[in-house]
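# Observations on chain architecture
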Amino acid sequence: APRTRERTMTTPTALAFARQRRQLALWLAALLALLLVSLTLAITLGPVRIAPQQAWLITAHEIGTRLGMDLQPGDWSTAQSQIVWRVRLPRVLLAALVGAGLALVGVAMQAMVRNPLADPYLLGVSSGASVGAVSVIAFGVLAFAGELALPLGAFGGALAACVSVYCLAYANGRLQATRLILGGVAVAYCLGGVTSLIVLTADQRELANSVLTWTLGSLAGTRWDELGLPAVLLVLGAALLLTQARALNALLSGEESAATLGVDTTRTRRWLFVLVSLVTGVLVALTGPIGFVGLIVPHVTRMLVGAEHRRVLPVAALVGAIFLVWVDVFSRIAFAPAEVPVGVITSLLGGPFFAWMLCRRNARERLVA
């Protein structure tokens, strides 16, 4: 009798888990297919139209040539080959990497500070990374690090901003949501002023124009050698976050619940702050601060698959990649021949989304009251 009762109690749970796994597998398969289609179309769209099949053939030919294969060129011009391989493909891949990385950072930040409005852009982390990166460009800070100077400077600035916001928001033994947002806004404004001061007082006249475009968030001019570091960091960061999915669930449920489940909230938050700062710093060093991706994508993902982080993290990465690929396509072709920095488009989307989140939260509070 006890075995029968145990079996009847566990069977519905096992069936629910199996159904959730199937749903997650379907979501991941559908999003991977959509990402592949998005990457293909993003390569083909632009002032020079290139057929999808031709884009794939050019890519396969370039890869084969670099692997030492003796391949004959197809029925495409040298200009088309250069556009696909040197201009559009690396840019589209970086958009996917940055979108996925910012989405994962947003998921992690919202869990570790228990605030659905948390985002590296809103909490000043991106501004801190900007200060670090601009200091490297203007003053040659960390010049001994060579090509790693810019990512290291951005990481240091992001970490410093992250710690500052955390200290401002921590009161009476816990993080306070209101202080977190206010502290993040204050830090972001201060660091934004520091960035402007560095640019205006630097001896390099051309620095102002280049930094202005960079601080708006731009994917223009992406090179192949810039993809390796963010790709490795994205894979490692996603793997680490997936191993800590249970801890993220616990943090999202509150301090007492996390302690009951055996999660060391202080230690977990510390290494999460380091990871978030590292990912944000590297991405900002490459593209400049691109706002609101880490705010929009996690919420859309939770609407699709719920709040369990084993499902949220992989789906958010794919949704973020698809989202930023299409935002970049829009920024390239909507105002042609001019090109709008991608950060401008994400800000135009993120502002109304942020206002909608606030209205939705106020409506929920009124219902509860």
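Structure's up top.
Here is what the cut-offs are and how they apply
Residues numbered from 1 in each chain as written. Predicted model: local features only at pLDDT ≥ 70, side-chain atom pairs only at ≥ 80, totals over all residues. Heavy atoms only, no water. Phe/Tyr/Trp six-rings, centres within 6.5 Å; stacked < 30°, edge-to-face > 60°. Buried < 20%, exposed > 50% of the residue type's maximum accessible area, 1.4 Å probe, protein only. Helix = DSSP H or I, 4+ residues; strand = E, 2+ residues; numbered from the N terminus. Expected span 1.5 Å × (residues − 1). Contact = heavy atoms within 4.5 Å.

### Here's the deal with the packing of aromatic side chains
The tally for this structure, following the rule as stated, stands at 5 aromatic pairs. The interplanar angle of 85 degrees and the centroid separation of 6.1 Å between the aromatic rings of F330 and F335 together place this pair among those described as edge-to-face. With a relative accessible area of 42%, F330 lands in the partly exposed category. Arranged with centres 5.5 Å apart and planes meeting at 50 degrees, the rings of F353 and W356 form a pair that is tilted. On the criterion of helical spacing, the pair formed by F353 and W356 is a turn pair, its members being 3 residues apart in helix 14 (residues 342-368). Given the relative accessible area of 40%, W356 is considered partly exposed.

### Let's talk about helix 4 (residues 125-139)
End to end, helix 4 covers 21 Å across 15 residues, agreeing with the expected 21 Å (1.5 Å per residue, within 8%). Most of helix 4 sits inside the fold, with 13 of its 15 residues counted as buried. Following helix 4 by one or two positions, G140 has its phi on the positive side, about 70 degrees.

### Here we look at the environment of E226
Within the secondary structure, E226 sits in the loop between helix 7 (206-215) and helix 8 (228-243). Along the chain, E226 and P90 lie 136 residues apart, while their C-alpha atoms are 8.6 Å from each other. In this structure, E226 is in contact with G221 and L286, ignoring residues within four places of it in sequence.

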